[in-house]
Structures are given as structure tokens and as C-alpha cells.
Amino acid sequence: MKYFLFIDHPKGGLDTVSEEKEERIRSYFSGIDTIETNLTLKGKEYKAVIDYAMFANLTNFDCFNCVEHCCGDAPAIFDKKIRNFILENKESYNELTKTLDILEQLGNDEDEIEDMITEEDVLVPSKYLGTEVDLCACAYTPKNGQTLCSLHSICLDKKMSPREIIENKPLICSIWPLEIILDEKTNTLYLTLPDDFTNNFTIENFYTKSCINIDFAMSPIFRRENPGGFLEDDFKPFIVTYGETLKNVLGENIYNMIKNKLLEEEILENDDFVIETEQINKVLT
Ligand code: SF4
Ligand code: SF4
């Protein structure tokens with residue numbers, strides 16, 4: 001098995017699922033109700049086993065009030081579409097990130113910088129990473145505070161649709177923290193979320209993620225570091241905060257299958273699906 005979203009990680013090997021965790025994954029999925037269907041991701045069709053109840057988990061992606069370095073690393077080798085998007089929007093990209101200014105100050109001319117954007121796995125040569133260029137080369141920190149994504153901000157600025165936003169970012173950046181585990185032998189994807197019940201096999205640690213763990217977000221230790229935001233009332237089901245993202249990544253059909261199950265089983269009600277602004281459309285004010 002592999003952690004599907006980490007297969008393209010530039011560091012390599014982060015997608016490995018240990019035998020022990022593989023056993024836990026099989027045991028967990030054999031004991032819960034799931035939706036079984038087909039799902040196309042990254043241009044390939046898979047069988048999918050969906051832990052639909054997890055999509056009702058409360059979430060609050062209050063990235064504008066979060067001090068976690070969520071974009072500490074580029075989590076995937078950038079694809080051609082993203083590289084072209086950066087080249088087409090060089091000015092705004094540089095205004096936000098200063099990455100191109102830094103590369104120039106390091107003695108690289110315009111052509112060399114363009115070659116880096118086109119060819120380097122994570123847009124800048126590894127010798128600069130963690131030293132001259134910290135965080136993902138697309139991350140920026142407005143008001144010297146929270147870490148945001150320049151690609152996402154440029155898309156919003158250009159009034160692009162959720163589909164276009166998703167296409168211009170690495171898939172993992174749009175769909176995280178959804179856990180997707182690939183069983184290569186059966187060509188099956190298992191979908192769930194980090195949670196009390198799954199934390200012994202998910203790649204992320206549920207207990208330290210305020211956006212998916214309301215108890216942690218309400219804890220004194222977290223509130224002291226993040227005095228603003230992450231309000232209890234702003235926590236909404238994952239299928240609601242990530243509605244447009246899920247429709248565009250998993251497809252409307254699968255989104256509706258999950259939604260209908262949650263309604264049929266009275267895990268959620270229609271009123272729960274009302275939200276002021278979904279995560280993907282939020283802008284810093
Ligand atoms: S940890 Fe969650 S809330 Fe914080 S920046 Fe990352 S996605 Fe946003
Ligand atoms: S969300 Fe944007 S800034 Fe963050 S890791 Fe992904 S591409 Fe980089």
C-alpha cells in the first residue's frame with residue numbers, strides 16, 4: 001500500500017505504508033460501512049472504498065489565523081501546468097513570494113531562473129532550499145504572519161473557478177487532509193480522514209491539527225498560540241467546508257453519493273450544508 005498523495009513527494013519514500021499500518025488499514029476498513037465505487041484521480045481510474053461517515057467530521061480551515069507552517073515543504077514535484085502558470089504570472093508570483101528576486105540576488109540571470117522554474121523539481125535548486133528559500137517556493141507570509149499559497153491567491157485574484165484553482169496547485173495541496181491510501185495489488189483507493197479512529201495509520205497526526213480537531217483547537221495550549229480565529233461556531237462538516245473541492249476532485253457524482261448517505265443515515269441534515277464561504281474561496285481581509 002502507498003499514501004497516494006505522497007507518491008510524488010520530492011523527498012521520495014514518504015508514501016511508504018508499513019506492514020503494521022497496512023494491517024490496521026485493512027482491519028479498519030473491514031469493520032466500517034463504506035461506499036464502493038470507481039474514482040478517477042490524476043487521469044487514472046481506480047476502485048474506491050470511501051469511509052463516508054468521516055466526511056461529516058467537523059473542520060475549520062482557518063488558515064488566515066493559523067501559525068502552523070503548513071507549507072513548510074513543497075509536497076509534490078510540480079507539474080508542467082503549474083510551472084507554466086507561474087511563468088505566465090511571474091510578476092504577481094514574485095510580488096507575493098519574492099522567490100524570483102532572491103534567485104536573482106543569488107547571481108542567476110533571467111534565463112537561468114526561467115530554466116529553474118521549468119525544470120527543478122520544486123522550482124528552486126535543492127542547494128537553496130531551507131537556506132535562501134525557506135518553505136515551499138510558492139508559499140508567502142502576508143503581514144509576516146500566516147503562511148498562504150501564492151498560486152491560490154493569484155487564482156482568486158484572477159477570479160478563477162474552483163476547478164481552475166485546483167488545476168493550478170498540486171493535488172495534495174487542494175485535498176489535504178483527506179487520507180487516500182492506494183492498494184496497488186487491487187488498484188483500490190481507500191479514502192478517510194485523520195481522526196481518533198484512524199490516527200494509528202494516517203500519515204498526519206490528528207491530535208496536532210486544529211483544522212480537523214475541534215478539541216485541540218479549543219485547548220488552552222492552542223488558544224494561547226492562536227488567540228484569534230478557529231471559533232467553535234465556524235467548525236462545519238468536512239463535506240461542507242470542502243464542498244467545491246470535493247466536487248471537483250472526486251467528481252459531482254461521488255460528492256452526491258457521500259452527501260446522500262450522510263442525509264439518509266441522518267448523520268447530517270440539509271441545514272448543515274449551508275455555509276457562508278467555502279474554504280477554496282476564502283480571501284484574506
Ligand atoms: S494547518 Fe490547517 S488551518 Fe493551518 S494553514 Fe494548514 S490547512 Fe490551514
Ligand atoms: S499550498 Fe501552495 S504554497 Fe503550500 S505547499 Fe502547496 S503549492 Fe506550496
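Refer to the structure presented above.
What you see is a predicted model; the values in this text were computed from it and never measured. (Residues numbered from 1 in each chain as written. Chains lettered and ligands numbered in written order. Predicted model: local features only at pLDDT ≥ 70, side-chain atom pairs only at ≥ 80, totals over all residues.)

A.B. asks: It is not clear to me how the overall build of the protein chain should be interpreted in this structure. Could you clarify?
C.D. replies: Tallying secondary structure elements over the protein chain gives 13 helices and nine strands in all. For 285 residues, the compact-globule formula gives about 19 Å, and the C-alpha radius of gyration of the protein chain, at 19 Å, lands near that figure. Seen through its principal axes, the protein chain has C-alpha atoms that stretch 60 × 45 × 35 Å. (Helix = DSSP H or I, 4+ residues; strand = E, 2+ residues; numbered from the N terminus. Rg over C-alpha atoms; globule rule 2.2 N^0.38 Å.)

A.B. asks: Explanation requested: the site of ligand 2 in the structure shown.
C.D. replies: The environment of ligand 2 is formed by Cys71, Ala74, Pro75, Cys136, Cys138, Ala139, Cys149, Leu151, Lys169, Pro170 and Cys173. Its residues assigned to classes, the shell around ligand 2 comprises 10 nonpolar, no polar and one charged. (Near = placed C-beta within 6 Å. Nonpolar A, V, L, I, M, F, W, Y, C, P; charged D, E, K, R; others polar.)

A.B. asks: Could you clarify how one ought to interpret the packing of helix H12 (residues 243-250) against helix H13 (residues 252-264) in this entry?
C.D. replies: Axis angle and axis distance: for two packed helices, these are the angle between their axes and the distance between the axes, and together they describe the pair. It is the contact of H12 with H13, at a shortest axis distance of 6 Å, that shows an interaxial angle of 125°. As far as their axial angle goes, H13 and H12 are oblique. On the side of H12, the interface is formed by Leu246, Lys247 and Leu250, while H13 contributes Glu252, Ile254 and Tyr255. Residue composition of the contact of H12 with H13, grouped by class: four nonpolar, no polar and two charged. (Axes fitted to C-alpha atoms, helices over the stretch in contact; angles between N-to-C directions. Parallel < 35°, antiparallel > 145°, perpendicular 65-115°, else oblique. Contact = placed C-beta atoms within 7 Å.)

A.B. asks: How should I be thinking about the environment of isoleucine 267 in this particular structure?
C.D. replies: Along the chain, isoleucine 267 falls in the segment after H13. By the C-beta count within 10 Å, which is 15 here, isoleucine 267 ends up partly exposed. Placed 17 residues apart in sequence, isoleucine 267 and leucine 250 show a C-alpha to C-alpha distance of 21 Å. (Buried ≥ 20, exposed ≤ 12 C-beta atoms within 10 Å, placed from the backbone.)

A.B. asks: Is there a simple way to think about the nonpolar core in this case?
C.D. replies: The nonpolar side chains of a soluble globular protein tend to be buried, and buried together. In terms of nonpolar packing, the biggest core is built from 74 residues, with Phe55, Val124, Ala137, Ile181, Ile239 and Ile258 touching the most fellow members. With sequence-adjacent residues up to four places away left out, isoleucine 258 is seen in contact with Ile35, Ile50, Tyr52, Phe55 and Ile239. (Core = buried A, V, L, I, M, F, W, Y, C linked by C-beta atoms within 7 Å.)

A.B. asks: Would you mind going over unusual backbone geometry with me for this structure?
C.D. replies: Peptide bonds are mostly trans, and most non-glycine residues show a negative phi. For the peptide bond that leads from tryptophan 176 to proline 177, omega is 10°, which places it in the cis range. If you trace the backbone, proline 177 turns up in the loop between helix H8 (171-175) and strand S7 (179-183). The phi torsion at lysine 42 lies on the positive side, around 50°, for a residue other than glycine. With respect to the helices and strands, lysine 42 occurs in the loop between strand S2 (35-41) and strand S3 (44-50). The backbone of lysine 98 shows a phi angle near 65°, a positive value even though the residue is not glycine. Mapped onto the fold, lysine 98 is located in the loop between helix H3 (90-97) and helix H4 (99-105). Judged by local crowding, lysine 98 falls into the partly exposed class, with 13 C-beta atoms found within 10 Å.

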